[in-house]
Amino acid sequence: MRVESRFKQVLALLLVFALVAAMAVGCAQPDEPDEPDTDEVEVPTIDFRAAMVTDVGGLGDRTFNDGTYEGLLWAERELGIEIRALESNEIADYEPNIDQLAAAGFDVIFTVGFLMTDTTAAKAPEYPDIVFGGIDQFLEDPGPNEVGLLFKEHEAAYLAGVLAGLVTLDQDFDERVNDQNTIAFIGGMDIPPVERFEVGFIAGAKSVNPDVEILVLYAGSFDDQARGRELALSAIDQGADVVFGVAGLSGLGSITAAQERGALFIGVDVDQYLTVEGSGDVMLTSAIKRLDVAVFETIKSAVEGTFVGGQNRVFGLAEDGVGLAPFHDFDDAVTQEMRDAIEEARQGVLDGTVVVPETRDEL
Amino acid sequence: MLADILAPDLFASAIRMATPLALAAIGGTICERSGVVNIALEGMMLFGAFMGVIGAMFTGSAWFGVLTALVAGMSLALVHAFASVTLRTDQVVSGTAINILATGLTGFLMEVIFGHPGTTDSVARLRPVFSINGPTEGMLGTVWRWIDLVALSHTPLVYLAIILAIGGHWALFNTRWGLRLRALGEHPRAADTVGISVVRGRYSAVLTSGALAGLAGANLTLEQVGSFTEGMTNARGFIALAANIFGRWTPGGSYGASLLFGFADALQIKLQLFREVIRVPSQFFLMVPYVLTVIVLAGVVGRAVAPAAIGKPYVKG
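Residues numbered from 1 in each chain as written. Chains lettered and ligands numbered in written order. Predicted model: local features only at pLDDT ≥ 70, side-chain atom pairs only at ≥ 80, totals over all residues.

Looking at the overall build of chain A
Phase 1 of the analysis: When you go through chain A residue by residue, the secondary structure sums to 11 helices and 12 strands.
Phase 2 of the analysis: Counting only residues that meet the buried cut, chain A has 53% of its 363 residues in that class.
Phase 3 of the analysis: For chain A, the proportion of contacts with a sequence separation of at least 24, taken over those separated by at least 6, is 69%. (Helix = DSSP H or I, 4+ residues; strand = E, 2+ residues; numbered from the N terminus. Buried ≥ 20, exposed ≤ 12 C-beta atoms within 10 Å, placed from the backbone. Contact = placed C-beta atoms within 7 Å.)

Observations regarding the pairing of strand E8 (residues 242–246) of chain A
All names here are of chain A.
Phase 1 of the analysis: With respect to burial, E8 is a largely interior element, five of its five residues being buried.
Phase 2 of the analysis: Neither face of E8 is left uncovered, since the one carrying Val242, Phe244 and Val246 and the one carrying Val243 and Gly245 both have all their residues buried.
Phase 3 of the analysis: Sheet analysis places E8 next to strand E9 (residues 264–269), joined by three bridges and oriented parallel. Looking across to E9, one finds that Val243 is bridged to Phe265.
Phase 4 of the analysis: For the crossover that starts at E8, traverses helix H8 (residues 248–261) and ends in the parallel E9, the hand is right-handed. (Pairing = 2+ DSSP bridges. Right-handed = clockwise from strand over helix to strand, strands pointing away.)

Here we look at unusual backbone geometry
Phase 1 of the analysis: In this structure, Arg62 of chain A is a non-glycine residue whose phi angle is positive, near 60°.
Phase 2 of the analysis: Relative to the helices and strands, Arg62 of chain A resides in the loop between strand E1 (49–53) and helix H2 (64–79).
Phase 3 of the analysis: Residue class for Arg62 of chain A comes out buried when judged on the 27 C-beta atoms lying within 10 Å of it.
Phase 4 of the analysis: Even without a glycine there, the phi angle at Trp249 of chain B is positive, about 55°.
Phase 5 of the analysis: Position of Trp249 of chain B among the secondary structure elements: in the loop between helix H11 (236–246) and helix H12 (251–272).

What to know about the interface of chain A and chain B
Phase 1 of the analysis: Taken residue by residue, the interface counts 47 residues in chain A and 42 residues in chain B.
Phase 2 of the analysis: Mapped onto the side of chain A that touches chain B, the elements with two or more residues apiece are helix H1 (2–26), strand E7 (213–218), helix H7 (225–237) and H8 of chain A.
Phase 3 of the analysis: In terms of residue count, the dominant contributor to the side of chain A that touches chain B is H1 of chain A (13 residues).
Phase 4 of the analysis: A class-by-class count of the residues in the side of chain A that touches chain B yields 25 nonpolar, 10 polar and 12 charged. (Nonpolar A, V, L, I, M, F, W, Y, C, P; charged D, E, K, R; others polar.)

Structural notes on the domain arrangement of chain A
Residues and elements named next belong to chain A.
Phase 1 of the analysis: Here the domain parsing of chain A yields domain 1 (40–151 + 291–315) and domain 2 (153–288 + 332–351).
Phase 2 of the analysis: On a C-alpha basis, the centroid separation for the pair domain 1 and domain 2 is 29 Å.
Phase 3 of the analysis: Taken together, the 13 residues of domain 1 in the interface contact 16 residues of domain 2.
Phase 4 of the analysis: Among the elements that line the side of domain 1 that touches domain 2, the one with the most residues is H2, at three residues.
Phase 5 of the analysis: Of the residues belonging to the side of domain 1 that touches domain 2, the class tally is six nonpolar, three polar and four charged. (Domains from an automatic or database assignment.)

A short note on the environment of Ala56 of chain B
Residue and element names in this part refer to chain B.
Phase 1 of the analysis: Positionally, Ala56 belongs in helix H3 (residues 41–59).
Phase 2 of the analysis: Under the C-beta neighbour-count criterion, Ala56 is labelled buried, with 28 such atoms within 10 Å.
Phase 3 of the analysis: Sequence separation between Ala56 and Ser209 is 153 residues, and the spatial gap between their C-alpha atoms is 22 Å.
Phase 4 of the analysis: Setting aside its immediate chain neighbours within four residues, Ala56 contacts Ser61, Ala62, Phe64, Gly65, Val123, Ala124 and Leu222.

A word on the sheet that holds strand E2 (residues 82–86) of chain A
Residue and element names in this part refer to chain A.
Phase 1 of the analysis: Read from one edge to the other, the open sheet built from six strands follows the order E2-E1-E3-E4-E5-E11, with strand pairing classed as parallel. Whereas interior strands pair on both sides, the edge strands pair on one side only; in this sheet they are E2 and strand E11 (311–315). Within the sheet, the average angular offset between the axes of one strand and its neighbour, ignoring direction, is 20°.
Phase 2 of the analysis: Here four bridges tie E1 to strand E3 (residues 108–112), and the two strands are oriented parallel to one another. Bridging from a neighbouring strand, Ala50 pairs with Val108 of E3.
Phase 3 of the analysis: Against the sheet, helix H10 (residues 291–304) makes contact with E1, E3, strand E4 (131–135), strand E5 (146–151) and E11, and its axis sits at roughly 170° relative to E4, the strand it touches most. (Axes fitted to C-alpha atoms, helices over the stretch in contact; angles between N-to-C directions.)

And the structure:
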């Protein structure tokens, strides 16, 4: 009997500790990155609160969730609002996280990621006074407080594909380029936004290099670095010299693989040259989605009372919603020819002469 | 195409992916042979992976990181041993608590130390043990490529796992240590009667499993990727537990089962490279390891018999 109660005490203590630690993480708000905005005029804080619920990749993925958070930080700086990010450790956390934010009186809630589409549709009608922004979500029949924020990932990927298709042909570009004419795409999960990246990349590469072989690999998750590395190693061993990684945290492992085996890498969502420290030696460019723009504009319209819900907004090249990041360390290596080809593709997409496929069926 | 699939890099990849599973599975074997269930391998691996990065970061030495990973795994194992051996709690409950604790603790420490969630900074990794330049031309070159990639391209803990599998297997069935360990799990009362301390024996077995699970974590962070990501073990600890059962609670069997899981995973990656030829959705490939596992478990392996006293706290007298 005595042993039993002692056990219960110890177990209770253990569990409390575990819960406190888990909560401390769940509710943690990352520090704002260092920014030289000390001279800026202090923006008066207003009583307006915006928040995001991350998908399972969570903050610190240096791609998708972090890109969204940038938009919140931007709104905090410029509009003086209060912001918050809640992390989802698993899919079952989506709804409770939204309920928590709603109970805490948030005015705008972003649900981040395609996987949260159904959650947004289910929860938004419950809270008609809260604006819901669904990132990467095409909302069927969105209510007046809902907006789907989508990106033409395939257009950014198309430009990345043009670059990769030309680089893999040019052995003078870099010593890591081989004669196999093979490039690779590494995806996290096979969901529509990632498929758009894949398909656009393939179309872009084939448009300038019809014979190029494109290896397509999926990790099955966005948070398994070790597997991301194995996938990239396998593709590089198969002859790929440019790897396009669209895999969140799994993609960080792919960057490691590119560094150890000697291949070039194209990042995703944000300028990964800036977000992944020490990746400059392989980071050719990144196919970026201006998640921050979509988030900031939505918050701004809600603050100013000009928010128009009931629609899906699509950000493409024409809206400056997607594009290529700078070449950074490869700026000298990228030839004028390559720049011209990318510019030509860009113009083609803008004036409609190039129609980039969105799905595998269209490819 | 078959020759392209069954290439040396497939087997090298299988061995790499088997290693974290094998280290943890051998730890699980030793723990469970002593009569203590250890479903906390996942948490110990995760904590080891994290502390390995911390150790390597503060000292600049990957080897010191391995040491801190080992100690980190043991520290959680000590909690498990105290709860399950001394306090005689339900071992599954204690293991679950440790798994939850490890998830919370690593995320919390990441905030404290790095100031942001997600991923830690990168640290130095352990280099491959051998670096030999062999022939590259002709028949000899092909043979050398096989030897080099499959047998010689690996990092230290990969070889350690193999040594532990062989050495541990032999020791379990041929030494006094092995006999005592098995006695603890089969009939602790008998062991007690002949003067073997059940408490001490089980403590050391649980601690050993923690050390090995910590090393499994170190393999992930300090040999494979060079940084820590929250939740990066991705249920490898549970797969290791399955490998231990599948390997019939023997170190050799544990390694073999891990190798099978690793091979299945490497194979599905390899198959994905041939999507042009095998035209199926990518989810199909991701399914391959699990299907293979079910087939093997259902067809090849017979009944696995667990140690008789597993999960039962021992009350002296």
